[in-house]
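Each chain is listed here by its residues.
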Amino acid sequence: MLMNGFDNGVLPLLGFAMLALAVVAFVLALVAREDAYRAADKQSKTFWLVILGVTVLVDFFLGMLFLEIAGLVATIVFFVDVRPALKQVSGGGRGGRRSGGSSSDGPYGPYNGGR
C-alpha cells in the first residue's frame, strides 16, 4: 500500500519537477549569448542546448529513470557552474544591484532626510 502511494504520488511529482527544472535550464541556455559561453570558458551554446534539449525530451517522453538522473546531473551542472559564469561575464554578477553607495541611497540617489 505504501509503495502504491509512492508510485502514484511522489514519483510523478519528482518527474514533473525534473522536467520543469530542465525546461527552465534550456530556456536560460537559449537566451544567453553565444560569446558569453566562450568568454566564460565553458562548452559552446550548441553543446548545452543539445544536452538540455535531450534532457527535456527524455523527461517528457521516455521516463527512463537512469536517463532522467543523468539529465538531472547535467541540469544541476548548468545551474551551479555554467549559469553563474555566464551571468558574471554578461555583467549580471551582483544580481542587478549597483556596486558601492550607502545604505541610505534610494533609486534616484542618496536620501538626505529633506535637508
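Residues numbered from 1 in each chain as written. Predicted model: local features only at pLDDT ≥ 70, side-chain atom pairs only at ≥ 80, totals over all residues. Heavy atoms only, no water.

The name given to the chain in an unreviewed UniProt entry is DUF2516 family protein, with Streptomyces vinaceus as the source organism.

*Asks:* Help me understand helix H3 (residues 45-62), please; the structure alone is not making it clear to me.
*Replies:* Given 3.6 residues to a turn, an α-helix orients residues that are three or four positions apart in the same direction. With 18 residues, H3 should reach 26 Å at 1.5 Å per residue; the first-to-last C-alpha distance of 25 Å fits that figure. All buried positions along H3 are accounted for by Lys45, Trp48, Leu49, Leu52, Gly53, Thr55, Val56, Val58 and Asp59. Within two residues after H3, glycine 63 carries a phi angle of roughly 70 degrees, on the positive side. (Helix = DSSP H or I, 4+ residues; strand = E, 2+ residues; numbered from the N terminus. Expected span 1.5 Å × (residues − 1). Buried < 20%, exposed > 50% of the residue type's maximum accessible area, 1.4 Å probe, protein only.)

*Asks:* Can you walk me through the pattern of salt bridges in this structure?
*Replies:* In a structure, side chains of opposite charge can pair up when their charged atoms sit close to one another. In total, this model carries 3 salt bridges according to the counting rule given. Ionic pairing is found between arginine 38 and glutamate 34, a salt bridge with its closest N-O pair at 3.7 Å. With a gap of 4 residues between them, arginine 38 and glutamate 34 both fall in helix H2 (residues 34-39), about one helical turn apart. (Salt bridge = Lys/Arg side-chain N within 4 Å of Asp/Glu carboxyl O.)

*Asks:* I keep staring at the packing of aromatic side chains and nothing clicks. Help me out?
*Replies:* The geometry of an aromatic ring pair is captured by the separation of the ring centres together with the interplanar angle, meaning the angle of the planes. Evaluation of the coordinates by the stated rule reveals 4 aromatic pairs. Residues phenylalanine 47 and tryptophan 48 carry aromatic rings whose centres are separated by 5.4 Å and whose planes lie at 85 degrees to one another, so their mutual orientation is edge-to-face. What makes tryptophan 48 buried here is its relative accessible area of 7%. Ring geometry for phenylalanine 60 and phenylalanine 61: centres 4.8 Å apart, planes at 90 degrees, overall edge-to-face. The exposure class assigned to phenylalanine 60 is exposed, which follows from its relative accessible area of 54%. The class of phenylalanine 61 is exposed, set by a relative accessible area of 59%. Within the aromatic cluster, the residues linked to one another by ring pairs are Phe47, Trp48, Phe78 and Phe79. (Phe/Tyr/Trp six-rings, centres within 6.5 Å; stacked < 30°, edge-to-face > 60°.)

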